[in-house]
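# Topology and contacts: notes
Each chain is listed here by its residues.
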Amino acid sequence: MLLLMRLKILIFSVLFFIAGFSCFACDVFEDPETENGTDPATETETENTESSSLFTDAEIKAANTAANVDYLTDEEKKVILLCNLARLDGSRFAKEYVKPHLKGKTSSAINSLYSDLSAVKNRPMFLPKEELCESAAYHAEDMGKSGRTGHNSSDGTSMSDRLWSYNPDAMSIAENCSYGPSEAVAIVVQLLVDEGLTPPGHRNTILSAEYKVIGVAIRQHKSWRYNCVQDFSDR
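Read on for an overview of the structure.

Cut-offs applied
- Residues numbered from 1 in each chain as written.
- Predicted model: local features only at pLDDT ≥ 70, side-chain atom pairs only at ≥ 80, totals over all residues.
- Heavy atoms only, no water.
- Helix = DSSP H or I, 4+ residues; strand = E, 2+ residues; numbered from the N terminus.
- Buried < 20%, exposed > 50% of the residue type's maximum accessible area, 1.4 Å probe, protein only.
- Contact = heavy atoms within 4.5 Å.
- Expected span 1.5 Å × (residues − 1).
- Pairing = 2+ DSSP bridges.
- Phe/Tyr/Trp six-rings, centres within 6.5 Å; stacked < 30°, edge-to-face > 60°.
- Lys NZ or Arg CZ within 6 Å of the ring centre and 35° of its normal.

### Some points on the overall build of the chain
When helices and strands are tallied, the chain shows 10 helices and four strands. Sequence-ordered secondary structure for the chain, helices as α and strands as β, is α-α-α-α-α-α-β-α-α-β-α-α-β-β. Counting over 235 residues, the chain shows a buried share of 44%. Counting contacts in the chain only where the partners sit at least 6 residues apart, residues at least 24 apart contribute 71% of the total.

### Observations regarding helix H7 (residues 130-146)
Along its 17 residues, H7 runs 24 Å from first to last C-alpha, staying within 8% of the 24 Å computed at 1.5 Å per residue. Inspection of H7 places Leu 132, Cys 133, Ser 135, Ala 136, Ala 137, His 139, Ala 140, Asp 142, Met 143 and Gly 144 among the buried residues, and these make up the whole buried set. Where H7 ends, the next residue or the one after it, Gly 147, has phi of about 80°, a positive value.

### Focus on the sheet that holds strand E2 (residues 173-179)
Here we have four strands laid out as an open sheet, ordered E1-E3-E4-E2, and mixed in their pairing. Unpaired on one side and paired on the other, strand E1 (127-128) and E2 mark the two borders of the sheet. Of the strand pairs in this sheet, E2 and strand E4 (residues 225-233) are connected by seven bridges, and their pairing is antiparallel. Its bridge partner lying in E4, Glu 175 is registered against Asp 231.

### Here's the deal with the packing of aromatic side chains
For the structure on display, the rule yields four aromatic pairs. Centroid distance Phe 126 to Phe 232: 5.4 Å. Interplanar angle 55°. Geometry classified as tilted. Taken together, the residues span a long stretch of sequence, with Phe 126 in the loop between helix H6 (108-118) and E1 and Phe 232 in strand E4 at a distance of 106 residues. Here Phe 232 falls in the buried class, since its relative accessible area comes to 0%. On the basis of an interplanar angle of 50° and a centroid distance of 6.1 Å, the ring pair of Tyr 211 and Phe 232 is categorised as tilted. In this pair, Tyr 211 sits in the loop between helix H10 (201-207) and strand E3 (213-221) while Phe 232 sits in strand E4, placing the two residues 21 residues apart along the sequence. Of the residues examined, Tyr 211 reaches a relative accessible area of 10% and is grouped as buried. Clustering of aromatic rings is evident, with ring pairs tying together Phe 126, Tyr 211 and Phe 232. Stacked on the ring of Phe 126, the Lys or Arg Arg 87 has its end atom at 3.8 Å from the ring centre. A cation over an aromatic ring shows up here: Lys 99 above the ring of Tyr 114, its NZ or CZ 5.2 Å from the ring centre.

### Side note on unusual backbone geometry
For the peptide bond that leads from Thr 198 to Pro 199, omega is -5°, which places it in the cis range. Mapping Pro 199 onto the fold places it in the loop between helix H9 (184-193) and H10. You will see that Lys 103, though not glycine, has its phi angle at about 50°, which is positive. Structurally, Lys 103 can be placed in the loop between helix H5 (90-102) and H6.

### Let's talk about the environment of Glu 130
Relative to the helices and strands, Glu 130 resides in helix H7. Take Glu 130: its relative accessible area is 39%, and that puts it in the partly exposed class. With 83 residues separating them along the chain, Glu 130 and Val 213 place their C-alpha atoms 9.6 Å apart.

See the structure below:
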């Protein structure tokens, strides 16, 4: 009887250890939302939202200016679509995309974003420009392979020199760089929130009526998993 009791205690101890290790493994390896990354639940929520969008079919069609180009991926096209929807009606964009993605998170940057978006309506839609997409792709690949961040190329070329070499007719230029996510909603929301930056330059660029054309590229990044480059100009 004593031997049987000891055997039961031993079996219970082994089972307890296995259960404890399983819980530990979940804590370590299950990563539904990484810093600057994409939350799988957010992707599902976004897909569900799109089926009953706050924007009309006509508005989405008008905002989807990159729909028929053959030099962008679907996700890159969606980045342009989302930027255009934010410019079309900031309040509806916040309700449909920003709030579900942030899931109740709050900060001074997030609060200021909601305030800024509430004042945005009927800004001109970005049109894709192939030369800007080439500039964005060059920089995203350069940063991805070198593991660098920022706007200057790894060979020291400045952002302005690079952008004007691809688009010499431009008068005004700007560039946004996102690091971490590869999914369009996460990229655009990250740039609009602009956490830690004062003033929020990425947000201001996306919402500015000064810029009319855009180039987008999403590439893998050596240190940040992915990086997205947006290049803008007035023409």
